[in-house]
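So the chains spell out like this:
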Amino acid sequence: MMHDTHSQLRQLSTQDFASFGLGDVAYVRPVEMDGAAAFAIHAADGTPLSVVADRDLAFAAIVQNDMEPVSVH
């Protein structure tokens with residue numbers, strides 16, 4: 001069973017691998033908006049999703065949308 005999974009993963013194209021988990025992970029990074037600290041939420045591929053004022057709110061929004069939050073420093 002494990003060998004079969006490894007074989008399947010080796011057959012993924014670069015494009016397939018890049019999109020692997022794309023809808024499952026979002027990252028949060030600090031930004032400045034209108035002179036104030038804020039937190040940007042991005043999809044795994046870097047697509048901007050939202051900007052919120054609070055880091056905890058950013059993580060909560062990601063979890064509420066059934067995604068896994070990751071912090072970027």
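Residues numbered from 1 in each chain as written. Predicted model: local features only at pLDDT ≥ 70, side-chain atom pairs only at ≥ 80, totals over all residues. Heavy atoms only, no water.

Going by the annotation in an unreviewed UniProt entry, the name recorded for the protein chain is DUF1150 family protein, with Azospirillum melinis given as the source organism.

Caption draft 1: Structural detail: the nonpolar core. A26, V28, F39, I41, V52, A58, F59, I62 and M67 together form the largest nonpolar core, which totals nine residues. Every element with two or more residues in this core is listed here: β1 (25-33), β2 (36-43) and α3 (55-64). Considering every element that reaches this core, the biggest residue donor is α3, with three residues. Once residues within four sequence positions are removed from consideration, V52 is found in contact with A38, F39, L57 and A58. (Core = buried A, V, L, I, M, F, W, Y, C linked by side-chain atoms within 4.5 Å. Buried < 20%, exposed > 50% of the residue type's maximum accessible area, 1.4 Å probe, protein only. Helix = DSSP H or I, 4+ residues; strand = E, 2+ residues; numbered from the N terminus. Contact = heavy atoms within 4.5 Å.)

Caption draft 2: Up close: the sheet that holds β1. Reading across from one edge, β3-β2-β1-β4 is the order of the four strands in this open sheet, with mixed pairing throughout. At either margin of the open sheet sits one strand with a lone partner, and together these are β3 (48-52) and β4 (68-71). Each adjacent strand pair in this sheet contributes to an overall mean axis angle of 30°, direction not counted. Inspection of the sheet shows β2 paired to β3 by four bridges, in the antiparallel sense. Residue H42 lies in a different strand from β3, and its bridge partner there is P48. Against the sheet, α3 touches β1, β2, β3 and β4, its axis set at about 150° to β4. (Pairing = 2+ DSSP bridges. Axes fitted to C-alpha atoms, helices over the stretch in contact; angles between N-to-C directions.)

Caption draft 3: Representation of α3 within the structure. Where α3 is concerned, the buried positions are A58, F59 and I62. Down the axis of α3, the sector holding all buried residues measures 95°, keeping them to one side. Away from the buried face of α3 by more than 90 degrees, exposed residues D56 and Q64 are located. Looking at the buried positions of α3, the neighbouring elements they touch are β1, β2, β3 and β4. At the N-terminal boundary of α3, the capping side chain belongs to D54, with an oxygen 3.0 Å from the backbone nitrogen of D56. At the C-terminal side of α3, D66 shows a positive phi close to 60°. (Arc of directions from axis to C-beta. Polar contact = N/O pair within 3.5 Å; in protein donor to acceptor, adjacent residues only side chain to side chain.)

Caption draft 4: Just the pairing of β2, in detail. β2 sits mainly inside the fold: six of its eight residues count as buried. Sheet topology note: the β1/β2 ladder contains eight bridges and is antiparallel. Residue E32 lies in a different strand from β2, and its bridge partner there is A37. Here β1 folds back onto β2, and the loop between the two strands holds two residues, one of which, D34, carries a positive phi near 55°. Where β2 hands over to β3, the hairpin turn is made up of four residues, of which G46 adopts a positive phi near 95°.

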